[in-house]
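Below, each chain spelled out in residue letters.
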Amino acid sequence: MPIKSSSIRPYSRGVPFAALALLCVSGASISGPFSAELAPTDSVSAKSLASESVSAEMLQQYLDCPEGVCPQQQLLIKQARAHSQVAGVQTENSNTAAQSYGTLALKPYRQSSVTQLQSTSLSAGDGAEPHWSQAWSRLELSSNPIERQAQLQALAELRRQQPDLVVEAPQPRYLTGFQNQTEIPHTEPGWQWSAIDLLGARDWLASKSNGTRPIVVAVIDSGIDYTHPDLQPFMWRNPAEIEGDGIDNDGNGIIDDIHGASFGGSEHHGEPMDTDGHGTHVAGILAQMLAELKDTGIADIRIMAIKATSDKLLYSNDIAEAVDYAVSMGVDVINMSFGGSVPSQLEQDAISSAFKRSLLVASAGNSGKPNSSDCQTQATTRFYPAAYPYVVGVMASQPQLDEASPAMAAFSNWDCVPGDELEYEIMAPGLGIYSTLPNNQYASWNGTSMASPIVAATLAVMNQDNPGESHRELTLRLLEGSPMTYAHTLSDGEVQLSYPKLDLLKALQQAPVPLLSLSQLLVYPSTDNLPGSAAANPKVSQLSPGQSYDLALELHNYKQAGIELSVQMLATDANGNTSEYVKFSRDTQQWPAAEPSALLSNGLLLDASEQVIGAEQPFRFEVAEGVEGTHTVKLIADVVFEYRFDPQPRGQYRARVERSMTLVGETPETGGSSGGSWGFGALIGLLIAAWRRKLA
């Protein structure tokens, strides 16, 4: 029996936001398999152990300090089945005390028990998917060399038993902002606000009604001096926690998390006070934007402080817990002004899960390098988490003296190949940014760290102003509303690269241009009783006279939610004229609305091997009898739809997708013959005459 497939289903692979925005901005076309369902890949960690043959010695080498920074003395382990028991090695339940199983004690990954996560839909109860962290454990390595060697030998054995086991060390992440040492021309305090048209956006917001839902932006960083007078009015406050009583009032595993929490190192607690200055500077940039917009009628936008540094460094395991905390507390936007060159599967799992609930923004880094060697340079760096496909990666821009001068700051990392899986999406001001420091201080700093919170604040305002839009729609609105601007010239002096440069007013006003494309158009012999396998009902590659055919159609909705899609099938010849040979008897259908990234169809039917065998509601057409010769037939889907969040309704949009097929008709007879155009008898006569001449 055929298996029914939903008429709306998600596309299955991850895709960077800019790959979609590029289609509208540049008019380019996508030729590869792009997606919209942002699920984690199998493994992105370059430091994960992938070989089936893993010795303790190899594990020891694996623990060498990456980038000259020694990791925390633990390993992070992801098993295919959470809390599994294999060969006497058992992971502990998160609610039990630490125990030892043989030479390995795999503790729960989460060092702080945020029980609120277990009580929400993120838990495994009531048929919901298990929380992502349940697949992860941690192995705390002994300081005793003999015990440590025994741990590594046991882990190597476990790795041999489970070839798909992921093992990684905590990866270091670096803050990406630094203080100016000299005065920078054309960067007078506040230049960044005119660069993004903050005042224009303020006036536009003040002229209209705005959203009323409060928004929370989490700043995962070195903490925030939440007592700074410029920051106090905008700090988030936990409504379920009583300050100073020493009790975990909201039951989330963190005591007195009034303004946020701290996850750096082994001590996880509710005090996120900044001890470095970086996080306070980042938060001050957010606060400046919010202060300028607070009287426009928008609802409160608050800043949550999450400290994740340990000795001025962050590590991927602490970042994952910080992200998890932010999501559990209901934040709308997460800013991450840090990064490192080695990806982490643990970090990626946390961030990809967070994307379902929060918009994610990260700095692209300050090495002045591209993320790929395809740009006439061998000096490259990939900066994570900015390079993950579901994170908006932010490059730093500088003041432009004119259109011929590059907009990108020289220190900023930059994107090489638009639309690939290692993407930085947008530029924002990151040079000479004046902001707050702890103890009521101020300073001008540079860095992609300073650019990232400007984008995060923009998305917060957009989220509030467009409460019904999905995260993908908001991000695409951001990118398409930011004009493409000359940023960098490659080493040959000829190739120039341009990226979207943030424009707050245009981002608020611009809706993504609708875009549909053909996923697949399949043709089968007509039948009302489909067989159970694709082999029994093969699709056809050419058409024949006198036959009836069913058509299965699937479209890819790249960008926006459509309303009441109307699909009409047409058949034309090679010149676009209505075909005289092909007529549709079932040509029109109404399809339901779909979110961005969805695949829409007329109900594809699959066999047990997930091969398409037909459609639940096929379009049907007939080919006339007696057609002679060979003809090109274009099967065209004419789609009419609307964009439900269009701020300036422009009526209906139309998209056309098509597939050309060959109609092979009967061979016309000549001279009463039944063969080809010469006739079989005439051909034999010519051959006989030639044979006689040869004999003569």
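Structure shown above.
Quick caveat, the model's predicted, so the values are computed rather than measured.

Trainee: Can you help me understand the nonpolar core in this one?
Mentor: Core analysis: the biggest nonpolar cluster contains 59 residues, and I303, V455 and L478 have the highest contact counts within it. By residue number, the principal contributor to this core is helix α10 (residues 448-465), which donates 10 residues. Setting aside residues no more than four positions away along its own chain, I303 makes contact with V217, V219, I224, F234, M235, W236, A283, L286, A287 and L290.

Trainee: Please clarify how unusual backbone geometry should be interpreted in this entry.
Mentor: Most peptide bonds adopt trans geometry, and most residues besides glycine take a negative phi value. The omega torsion of the bond from Y384 to P385 falls at 15°, within 30 degrees of zero and hence cis. A positive phi angle, close to 65°, is found at K312, a residue other than glycine. For K312, the location among the structural elements is in the loop between β14 (309-310) and β15 (313-315). Under the relative-accessibility criterion, K312 is labelled exposed at 58%. Its identity is not glycine, yet N439 carries a phi of approximately 65°, on the positive side. Residue classification places N439 among the exposed positions, given a relative accessible area of 64%.

Trainee: Where do I start with the pairing of strand β19 (residues 392-397) in this structure?
Mentor: Moving residue by residue along a regular strand, the side chains alternate between the two faces of the sheet. Where burial is concerned, most of β19 is hidden: 6 out of the 6 residues are buried. Burial along β19 is two-sided: V392, V394 and A396 facing one way and G393, M395 and S397 facing the other are all buried. In this sheet, β19 lies alongside strand β18 (residues 359-363) in parallel orientation, the contact comprising 3 bridges. Counted as the bridge partner of V361 is V392 from β19. Examined bridge by bridge, β19 and strand β20 (residues 426-429) share 4 bridges and lie parallel to one another. The residue bridging M395 from the neighbouring strand is M427, located in β20.

Trainee: It is not clear to me how the pairing of strand β11 (residues 215-221) should be interpreted in this structure. Could you clarify?
Mentor: Burial of β11 is extensive: 7 of the 7 residues sit out of reach of the surface. On β11, burial covers both faces: I215, V217, V219 and D221 on one face and V216, A218 and I220 on the other are all buried. Pairing between β11 and strand β13 (residues 301-307): 7 bridges, direction parallel. Opposite A218, over in β13, you have M304 as the bridge partner.

Trainee: How should I be thinking about the packing of aromatic side chains in this particular structure?
Mentor: How two aromatic rings sit relative to each other is set out by the distance from centre to centre and by the angle between their planes. Evaluated as defined, the whole model comprises 7 aromatic pairs. Through successive ring pairs, a cluster of aromatic residues spans Y384, Y388 and Y390.

Trainee: Help me understand the sheet that holds strand β21 (residues 433-437), please; the structure alone is not making it clear to me.
Mentor: The strands making up a sheet are joined through hydrogen bonds of the backbone, oriented either antiparallel or parallel. The strand order across the open sheet formed by 3 strands is β10-β22-β21, and the pairing between neighbours is antiparallel. Edge positions in the sheet fall to β10 (178-179) and β21, since each has one partner strand and no second. By the bridge criterion, 5 bridges tie β21 to strand β22 (residues 441-446) in an arrangement that is antiparallel. Bridging across to β22, I433 finds its partner in W445. Contacts between helix α7 (residues 278-293) and the sheet are confined to β21 and β22, with β21 contributing the most and set at about 115° to the helix.

Trainee: Just checking my understanding: could you explain the sheet that holds strand β6 (residues 106-108) for this structure?
Mentor: Spatial ordering of the open sheet is given by β6-β7-β3-β8, a layout of 4 strands whose pairing is antiparallel. Two strands in the sheet have a free side with no partner beyond their single neighbour: β6 and β8 (166-168). The sheet shows a mean angle of 35° between the axes of neighbouring strands, direction not considered. Relative to β8, strand β3 (residues 74-78) is paired through 3 bridges, and the arrangement is antiparallel. Each bridged residue has a counterpart across the sheet, and for I77 the counterpart in β8 is V167.

Trainee: Explanation requested: helix α4 (residues 145-161) in the structure shown.
Mentor: Each α-helix turn comprises 3.6 residues. Residues three or four places apart therefore point the same way. Compared with an ideal rise of 1.5 Å per residue, which puts 17 residues at 24 Å, α4 spans 24 Å between its outermost C-alpha atoms and is within 8% of the ideal. All of the buried residues along α4 are R148, Q151, L152, A154, L155, A156, L158 and R159. One side-chain oxygen at the N-terminal end of α4 lies 2.9 Å from the backbone nitrogen of I146; it belongs to N144.

Trainee: I keep staring at the side chain of E347 and nothing clicks. Help me out?
Mentor: With respect to the helices and strands, the residue E347 is situated in helix α9 (residues 345-354). Judged by relative accessible area, E347 falls into the buried class, the value being 0%. There is a polar contact of 2.7 Å between the side chain of E347 and the side chain of R173. If near-sequence neighbours (up to four positions away) are discounted, E347 is found in contact with R173, S316, I319, A320, Y384, P385 and Y388.

Trainee: Is there a simple way to explain the environment of T662 in this structure?
Mentor: Examined against the element boundaries, T662 turns out to sit in strand β36 (residues 653-664). Considering only alpha carbons, one finds T662 and H631, 31 residues apart in sequence, at a separation of 5.8 Å. If we skip the residues at most four places from it in the chain, T662 touches Q542, L543, T630 and H631.

Trainee: Hey, could you run me through the pattern of salt bridges in this one?
Mentor: Side chains that differ in sign of charge can pair as their charged atoms come close. Here the structure, examined in full by the defined rule, presents 19 salt bridges. Salt-bridge contacts for R302 lead to D300; the nearest nitrogen and oxygen are separated by 3.3 Å. When its relative accessible area of 44% is taken as the criterion, D300 is described as partly exposed. We note a salt bridge from E658 to K634, for which the minimum N-O separation is 3.8 Å. Residue E658 is found in strand β36, and its partner K634 is found in strand β35 (residues 630-643); the two are separated by 24 residues along the sequence. Assessed through its relative accessible area of 42%, E658 is described here as partly exposed.

Trainee: Help me understand the environment of S137, please; the structure alone is not making it clear to me.
Mentor: Relative to the helices and strands, S137 resides in strand β7 (residues 136-140). On the basis of relative accessible area, S137 is assigned to the buried category, the value being 5%. It is 5.1 Å that separates the C-alpha atoms of S137 and I77, two residues lying 60 residues apart in sequence.

Conventions we followed
Residues numbered from 1 in each chain as written. Predicted model: local features only at pLDDT ≥ 70, side-chain atom pairs only at ≥ 80, totals over all residues. Heavy atoms only, no water. Core = buried A, V, L, I, M, F, W, Y, C linked by side-chain atoms within 4.5 Å. Buried < 20%, exposed > 50% of the residue type's maximum accessible area, 1.4 Å probe, protein only. Helix = DSSP H or I, 4+ residues; strand = E, 2+ residues; numbered from the N terminus. Contact = heavy atoms within 4.5 Å. Pairing = 2+ DSSP bridges. Phe/Tyr/Trp six-rings, centres within 6.5 Å; stacked < 30°, edge-to-face > 60°. Axes fitted to C-alpha atoms, helices over the stretch in contact; angles between N-to-C directions. Expected span 1.5 Å × (residues − 1). Polar contact = N/O pair within 3.5 Å; in protein donor to acceptor, adjacent residues only side chain to side chain. Salt bridge = Lys/Arg side-chain N within 4 Å of Asp/Glu carboxyl O.

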